[in-house]
Amino acid sequence: MNGNRALMVAVTAAAVVCGVAVRGVRAQSGVMPHSGPVMPPVQGGEKKAEEQFKNIQVLKGVPAEQIFPTMQFISVSLGVECEYCHTPPDFDKDDKKPKLFAREMMKMMFAINKENFEGHREVTCYSCHRGSTDPVAIPAVMTEEEAKAVGGAPKKPAEPKRAETTAEQLLDKYIQAAGGPAAVEKISSRVMKATMDFGGRSVAIDIYAKDPEQRISFAHMPEGDSVTAFNGHEGWLGMPGGRLREMHGSDLDGAAIDADLHLATHLKQMFTEITARGMDKVGDREAYVVVGQREGKPPIRLYFDAETGLLIRLVRFGETALGRLPTQIDYADYREADGVKIPYRWTLARPNGRFTIQVSEVRQNIPVDDTKFVKPAPPEPPKGPAK
C-alpha cells in the first residue's frame, strides 16, 4: 500500500468511526452462519449497477452503491490494486484477461453457493485466495514451533468458552460501567481533539457531535481538511479542494449510528434479537461476546470486558455483492468525563490497513452551532471558454 492510498484509507475510516469510539458502542456484525443471499436484493427506487455503470455483465441487479465496495472486496481478497483487472480511467473496457477471468470466478462462486448452500453466501473470493492471486491448493507443512507445541499432532482450535450471563445482563452492565443511563442521556454534545497515527505518520482531528444525531469530523491534512459528516438524514465526505462525495449503504448506516450520543442506552431498541455467544480474548483481556440482529442490516458483534463490563472491541461488516468487508475497532484508555466513561484511544483495522486514534481533549454539553452540520453546496464546474 503506497503512502497516498494508506492516507486515504485511514482518513476516510477514521472520520466514519470517530464518534463511535468516544461513545464506546458500535459494530455491524460477526461471522454468522448463513450470512445472507448470494446477490443482495434491490430495494424499491434504488439505482441498479447496470443503470449507473457501463459494461456490467455479472453483477446486474446489484445496488449501484455496492459496486465500489465489491471491487474493494476483490482487491483485498486477491491482494491486488484496480490496475490488475482495469485500465484507468477506462474502467469499462475488457482489455485485460484478469477482468474476464474474474467474471467467470464470480459466476462459479454464485453457483457453488446456490447449489450447495441454498443460496447463502458461504463461499467467497477470500475462501480460496486469502490475499493472493493464486488460490492455496496444498496444505502447508507444520512449522517447528507448531510441532513443539502439540507434539507433532495438528493443533485443534480452542473451543469457545460459554457465557455465564445473558446478553441483556451484559448490555445493562455496560450501561452501568459507562456511568449509568442518566449520565449517558445527559450528554447533549461532545467536542474532541485527537491525533490519528498510521504508517509512521500523524495528523490532528477535531470531532463535533450534537444530539440529535449530528456529527462532523475534520482531519487536518497537509493539503487541506478532510471532512466526514452526518446531519440526521444524509452523510458526506469532503475532500481537500472542495470535492464532495455523498455516503451510501453501510457507510451511511454507520454514520447514523455514530451520531447517536445515547447509543449505549438505545442498543436494546436497535436490535430485533440479542444473543450471548460465549467468551473470547481481546489482547490479554477476557471478553463476553454479544451478537445483535437488526432488521434488513448486518448484525452487530460487541465484546465486553469480563471484569469491567466496558466495550473493548467491536466488529462491523460492510455489505458487498460478493461478501462482507470487516472493520474491527479495539478500545482502550477509558477515562471519566462528566460522569461518563469513554475510551480515549482506539485502533481500527480493516483488510487493507489500520490506524490508531488518541484523544487528548474532551468537552461535553457545550454549545455547538447547528450550522456546523449543514451540507455544503457542491463546487460549481469550471466554466468553459466564452463563445
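See above for the structure.
The present account deals with the structure reproduced in this document.

How each quantity is defined
Residues numbered from 1 in each chain as written. Predicted model: local features only at pLDDT ≥ 70, side-chain atom pairs only at ≥ 80, totals over all residues. Heavy atoms only, no water. Axes fitted to C-alpha atoms, helices over the stretch in contact; angles between N-to-C directions. Helix = DSSP H or I, 4+ residues; strand = E, 2+ residues; numbered from the N terminus. Parallel < 35°, antiparallel > 145°, perpendicular 65-115°, else oblique. Left-handed = near helix turned anticlockwise from the far one by under 90°. Contact = heavy atoms within 4.5 Å. Nonpolar A, V, L, I, M, F, W, Y, C, P; charged D, E, K, R; others polar. Buried < 20%, exposed > 50% of the residue type's maximum accessible area, 1.4 Å probe, protein only.

1. Details of the packing of helix α7 (residues 167–177) against helix α10 (residues 263–270)
For the pair α7 and α10, interaxial distance at closest approach is 9 Å and the crossing angle is 160°. In terms of axis orientation, α7 runs roughly antiparallel to α10. α10 is crossed by α7, and the crossing has left-handed handedness. Touching Glu168, Leu171, Asp172, Tyr174 and Ile175 of α7 are Ala264, Thr265, Leu267 and Lys268, all from α10. Each residue belonging to the contact of α7 with α10 can be placed in one class, and the counts come to five nonpolar, one polar and three charged.

2. Considering unusual backbone geometry
In this chain, proline 88 is followed by proline 89 through a cis amide linkage whose omega measures 5°. You can see proline 89 is positioned in the loop between α3 (67–78) and α4 (97–116). Cis geometry is found at the peptide bond from aspartate 211 to proline 212, where omega equals 5°. Residue position: proline 212 is located in the loop between β2 (201–210) and β3 (214–221). Of note, asparagine 55 is a non-glycine position whose phi angle comes to about 60°, a positive value. The residue asparagine 55 is located in the loop between α2 (49–52) and α3 in this model. Residue classification places asparagine 55 among the partly exposed residues on the basis of a relative accessible area of 31%. Within the chain, aspartate 338 stands out as a residue other than glycine whose phi angle is a positive 55°. Position of aspartate 338 relative to the elements: it lies in the loop between β11 (324–337) and β12 (340–350).

Any link to function would need more than the numbers given here.
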